[in-house]
Structures are given as C-alpha cells and as structure tokens.
Amino acid sequence: VPAGEAVAAAEGPPPREEAVRPSALVIVGPSGVGKGTLINRLMEADRRFGFSCSHTTRPPREGELNGVHYHFTTHEAMEADIVAGKFLEHAHVHKNIYGTSIQAVHDVATAGRCCVLDIDVQGARQVRKAGLKAIFVFIAPPSLAELEQRLRGRATDSEEQITTRLRNAQEELESAKEPGLYDYIIINSDLDEAYHQLASVARSALAGEVGGPEGSAGTGTAPAAAAAGAAA
Ligand code: 5GP
C-alpha cells in the first residue's frame, strides 16, 4: 500500500459500521386471500417497512388514494414507461396492467426501509430473475371455496370480476409448487396466526437475510404441496 494512501486513510473519518441493508419482502397471493390486511398490519406495527407503491391502469376503488395505494395511470402512459425501462416488473392482471417502478423500490430503499412489494406471480418471477435481494412469500387460502366466500363477502367486485379472480387464483395456487420461486408459504386460515408467521419472516428481511430454510418452505409455514393441495 503506498504510504500516501495509508496516511490519507488514517486521517480520514473513522470507519463507520456498515449498516445492514434489509432485503425486500415480496408478497404474492390470490385476490381476497387477506394479503392487504396482513401487509397493512405489518406496516402499522413497524415503521422500518415501506410499501412499494405500484402503478395500475385499473380505476381506484372507493377509499383508494393516488400515490398511497397505487399510482393510478392510463394504459398509454404505462406502456410508454414500460418501453422506457422504468419498471422493475409488470404484469397484465384481470385485464389491467400492474407494475413496480424502479423508482418506487428506490424511494423506499433510500429511506433505509425494508421494501414490501404486493405483486402477482408473474411479477414475482420477474423480480426473481432481476436478482433483487428479497424474500418471497406466498399467502395461500385454506381452500378455493373459502377464497370464493371471502371475495363475495368483500362485495367490491362484480360477478364477472369474481369469476376472473377465482380463475386467476387457481393459477396462482399452482405457482406455489414452482421450485425456487417462494421462500415461505403461509396459509391464511387464522389471521392472527398468519400475521405472526409473516412478522417472523419480515424480521429476517430486516436482518438482510434472503431465502428460506432448506427445502424452500420455512419455519411455521406449510410446504408448497400442502398449500396447492388445499385448493383441490
Ligand atoms: P387489486 O386490483 O386487487 O389491487 O390487485 C390485483 C392483483 O394485482 C393482486 O394480486 C396484486 O398483488 C397484483 N399487483 C398489485 N400491484 C402489482 C404490481 O406492481 N405488479 C404486479 N405484477 N402485480 C401487482
């Protein structure tokens, strides 16, 4: 080491402890499974998490705010931004486009927070490929019948939308079996129990860990095959 450099290093500011960079937390699961409720609870409980605000072309539901729940946009604007490379991932879900902008993830990360992404399975595959440092969690319903009941119960969707969402749910449940996609699978039979499991996984993300224990389905969670079987 040249002497000059050594002196410069010695005279420089004292080395700072490198802060742990949290992993992102990617949460996937069919509509109506309770993802939103679980995520909201996590965000309210711990300020160290920050929500990645997605873009969507679907119209806002009652109570949804632009820039909080989603950035509501048009097909034209979204397609132009996708071509311009502004999205980490995007997907066509229920006839609309949804996507995570690079900016959305960047904003949360620069605030020093653990970025929480609520995305569909197509998006999760893209984020895996992109190599984002993240833990991937699938939230499964106890059964498809139970999911249908929940979708009808929330009364925000038309009959046609419910049918589409249920068809997509079947495909999403199949993805729970995909090797190497999810690190943890949580079955939301009991909300408190599911939250407890999610909070435990979220702590690993804060600690900057990636991936689940051996075999891909983690502690306190059900194996992928069981989750997919629950839909049968
Ligand atoms: P909803 O219309 O009920 O808010 O969301 C429908 C589906 O789109 C959900 O499964 C949700 O996770 C997914 N979604 C929301 N934002 C994004 C996103 O940015 N990218 C992708 N790929 N899916 C998203």
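Our structure is the block above this text.
As the structure is a prediction and not an experimental result, all values here were calculated from the model.

Asker: Explain the sheet that holds strand β6 (residues 96–101) to me, using residue names and the numbers behind them.
Answerer: Taken in spatial order, the four strands make up an open sheet running β4-β3-β6-β5, and their pairing is mixed. Two strands in the sheet have a free side with no partner beyond their single neighbour: β4 (71–72) and β5 (87–93). The pairing of strand β3 (residues 55–56) with β6 spans two bridges and is classified as antiparallel. In the sheet register, His-55 faces β6, and the bridge partner there is Gly-99. The strands that helix α3 (residues 75–83) touches are β3, β5 and β6; relative to β6, the one it contacts most, it runs at about 45 degrees. Each of β5 and β6 is contacted by helix α4 (residues 102–110), which is oriented at about 40 degrees to β6, the strand it contacts most.

Asker: If you had to explain the site of the ligand to someone new, which residues and values would you point to?
Answerer: Taken together, 18 residues lie around the ligand, and Ser-54, Arg-58, Tyr-70, Tyr-98 and Asp-118 are the ones closest in. The side chain of Arg-61 places a nitrogen or oxygen atom 2.9 Å from an oxygen atom of the ligand. Taking Tyr-70, its side chain carries an N or O atom lying 2.5 Å from an oxygen atom of the ligand. Within the complex, the protein chains bury 94% of what would otherwise be the 510 Å² of accessible surface of the ligand. For the shell around the ligand, the secondary-structure elements that each account for two or more residues are β5 and β6. Split into classes, the residues belonging to the shell around the ligand amount to five nonpolar, six polar and seven charged.

Asker: Residues and numbers for helix α8 (residues 191–206), please.
Answerer: Since the α-helix packs 3.6 residues into each turn, any two residues three or four apart lie on the same face. Between its first and last C-alpha atoms α8 spans 22 Å; for 16 residues at 1.5 Å apiece the expected length is 22 Å, and the two agree. For α8, every residue scored as buried is listed here: Ala-194, Tyr-195, Gln-197, Leu-198, Ala-199, Val-201, Ala-202, Ser-204, Ala-205 and Leu-206. Buried residues belonging to α8 abut β1 (24–28), α2 (35–45), β2 (49–51), β7 (114–118), β8 (134–140) and β9 (184–187). The positive-phi residue at the C-terminal boundary of α8 is Gly-208, with phi of around 80 degrees.

Asker: Please give an account of the packing of helix α6 (residues 144–154) against helix α7 (residues 159–175) that cites residues and values.
Answerer: Where α6 meets α7, the closest approach of the two axes is 11 Å, and the angle between their N-to-C directions is 145 degrees. Pair α6 / α7 crosses with right-handed handedness. Across the interface between the two elements, Leu-144, Leu-147, Glu-148, Leu-151, Arg-152 and Arg-154 from α6 touch Glu-159, Ile-162, Arg-165, Leu-166, Ala-169, Gln-170 and Leu-173 from α7. Its residues placed into classes, the contact of α6 with α7 shows seven nonpolar, one polar and five charged.

Asker: Hey, could you go over the pairing of β6 for me, with residue numbers and the actual values?
Answerer: Here is the key point about a regular strand: its side chains alternate between the two faces of the sheet. With six of six residues buried, β6 lies mostly within the body of the structure. Residues Asn-96, Tyr-98 and Thr-100 line one face of β6 and the alternating positions Ile-97, Gly-99 and Ser-101 line the opposite face, and both faces are buried. Here β5 hands over to β6 after two residues, with His-94 in that stretch at a positive phi of 45 degrees.

Asker: Run through the side chain of Asn-96, naming residues and quoting values.
Answerer: For Asn-96, the location among the structural elements is in strand β6. You can call Asn-96 buried: its relative accessible area is 15%. Separated by 3.1 Å, the side chains of Asn-96 and Thr-57 make a polar contact.

Asker: Describe the pattern of salt bridges, with residues and values.
Answerer: Taken as a whole, this structure holds 13 salt bridges when the rule is applied. The shortest N-O distance in the salt bridge between Lys-35 and Asp-118 comes to 3.2 Å. On the criterion of sequence distance, the pair formed by Lys-35 in helix α2 and Asp-118 in strand β7 is long-range, its members being 83 residues apart. Judged by relative accessible area, Lys-35 falls into the buried class, the value being 13%. Glu-64 serves as the salt-bridge partner of Arg-58, at 2.8 Å between the closest nitrogen and oxygen. A single salt-bridge network, built from bridges that share partners, covers Arg-58, Arg-61 and Glu-64.

Rules used in this analysis
- Residues numbered from 1 in each chain as written.
- Predicted model: local features only at pLDDT ≥ 70, side-chain atom pairs only at ≥ 80, totals over all residues.
- Heavy atoms only, no water.
- Pairing = 2+ DSSP bridges.
- Helix = DSSP H or I, 4+ residues; strand = E, 2+ residues; numbered from the N terminus.
- Contact = heavy atoms within 4.5 Å.
- Axes fitted to C-alpha atoms, helices over the stretch in contact; angles between N-to-C directions.
- Near = heavy atom within 4 Å.
- Polar contact = N/O pair within 3.5 Å; in protein donor to acceptor, adjacent residues only side chain to side chain.
- Areas by Shrake-Rupley, 256 points an atom, 1.4 Å probe, with all protein chains shown as cover.
- Nonpolar A, V, L, I, M, F, W, Y, C, P; charged D, E, K, R; others polar.
- Expected span 1.5 Å × (residues − 1).
- Buried < 20%, exposed > 50% of the residue type's maximum accessible area, 1.4 Å probe, protein only.
- Left-handed = near helix turned anticlockwise from the far one by under 90°.
- Salt bridge = Lys/Arg side-chain N within 4 Å of Asp/Glu carboxyl O.

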